[in-house]
Amino acid sequence: MKAIFEKLKTRHWNTLSATEQKTLLRGAWLLIPLLMYGVLWQPAHQALPKLQEALPRLRAQADQMQSLAGQAQSLRQKPQLAVLDSDALKIAVEKSAQAAGLPLQVLPGEQNSVRISADSISFAHWLQWQHALELNQHIRVSTAMLAASPEPGMVKVQATLTNGADQ
């Protein structure tokens with residue numbers, strides 16, 4: 001590197017007269033501070049308020065990304081739900097309905113589903129049972145048809161329940 005510098009000096013600098021060399025040095029002393037101002041200080045000075053304004057938003061986004069990364073990691077470690085076939089699903093729904101005291105008729109449906117029906121059950125009780133069934137056993141309503149019974153608060157229910165297959 002030093003040899004290259006010496007070669008350039010002898011080829012160009014030494015060929016200039018003393019007056020030319022002084023003029024170039026004075027120009028460099030004037031030009032270098034102007035370049036430093038224009039290239040380094042002035043853009044940084046203009047960008048500072050923008051950066052100070054953006055910093056809290058970027059920190060909030062970073063916190064949110066860390067939170068989402070933690071959630072993704074916990075979901076990655078969570079076991080996959082087993083998909084029950086129609087017979088196993090029928091047994092699970094029957095046991096849950098009996099435990100809840102619901103008089104449901106449960107029939108195997110298509111793949112991974114069962115059809116349930118009842119002529120007259122309490123709407124509130126059915127909703128609580130369905131919520132508990134979905135929360136605890138991941139069995140959810142795929143389709144449902146409810147019709148009001150003559151008794152207040154009672155409904156006729158026909159529904160299809162499924163788990164995991166089409167989620």
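Please refer to the structure higher up on the page.
A short tour of the structure in this document, coming up.

Thoughts on the side chain of Gln 130
Checked against the element boundaries, Gln 130 lands in helix α4 (residues 123–137). The class of Gln 130 is buried, set by a relative accessible area of 6%. Not counting residues up to four positions away in its chain, the partners in contact with Gln 130 are Ile 139, Arg 140, Val 141 and Leu 161.

So, the pattern of salt bridges
Considering all chains together, one arrives at 1 salt bridge under this definition. Measuring nitrogen to oxygen at the nearest pair gives 2.8 Å for the salt bridge that ties Glu 94 to Lys 90. Taken together, the residues Glu 94 and Lys 90, both in helix α3 (residues 86–100) and 4 residues apart, mark about one turn of the helix. Residue Lys 90 is classed as partly exposed on the basis of its relative accessible area, which comes to 22%.

A few points about the packing of aromatic side chains
Ring pairs (aromatic) are described by centroid distance and by the angle formed between their planes. Taken as a whole, this structure holds 1 aromatic pair when the rule is applied. Aromatic side chains Tyr 37 and Trp 41 sit 5.6 Å apart centroid to centroid with 25° between the ring planes, which places their arrangement in the stacked category. Here Tyr 37 pairs with Trp 41, and both are found in helix α2 (residues 18–77), just 4 residues apart, close to one helical turn. The partly exposed category is assigned to Tyr 37, whose relative accessible area is 45%. A relative accessible area of 49% means that Trp 41 is categorised as partly exposed.

A few points about the sheet that holds strand β1 (residues 105–108)
Taken in spatial order, the 4 strands line up as β1-β2-β4-β3 in an open sheet, and their pairing is antiparallel. The outermost strands of the open sheet, each flanked by one partner alone, are β1 and β3 (140–148). Strand-to-strand twist in this sheet, taken as the mean axis angle between neighbours without regard to direction, amounts to 15°. Bridging between β3 and strand β4 (residues 154–162) involves 8 bridges; their strand directions are antiparallel. Note on β4: the bridge partner recorded for Met 145 is Gln 158. Lying over the sheet, α4 contacts β2 (113–122), β3 and β4, oriented at roughly 150° with respect to β2.

Looking at a nonpolar patch on the surface
Taken together, the side chains of Leu 31, Ile 32, Leu 35, Met 36, Tyr 37, Val 39, Leu 40 and Trp 41 make up a nonpolar region of the molecular surface, amounting to roughly 850 Å² of accessible area. Secondary-structure assignment places Val 39 in helix α2. Judged by its relative accessible area of 56%, Val 39 falls in the exposed class.

Each value, and the rule that gives it
- Residues numbered from 1 in each chain as written.
- Predicted model: local features only at pLDDT ≥ 70, side-chain atom pairs only at ≥ 80, totals over all residues.
- Heavy atoms only, no water.
- Helix = DSSP H or I, 4+ residues; strand = E, 2+ residues; numbered from the N terminus.
- Buried < 20%, exposed > 50% of the residue type's maximum accessible area, 1.4 Å probe, protein only.
- Contact = heavy atoms within 4.5 Å.
- Salt bridge = Lys/Arg side-chain N within 4 Å of Asp/Glu carboxyl O.
- Phe/Tyr/Trp six-rings, centres within 6.5 Å; stacked < 30°, edge-to-face > 60°.
- Pairing = 2+ DSSP bridges.
- Axes fitted to C-alpha atoms, helices over the stretch in contact; angles between N-to-C directions.
- Patch = residues over 30% accessible without salt bridge, like charges linked within 9 Å, V, L, I, M, F, W, Y side chains within 5 Å.
- Areas by Shrake-Rupley, 256 points an atom, 1.4 Å probe, with all protein chains shown as cover.

Keep in mind these values describe shape, not function.
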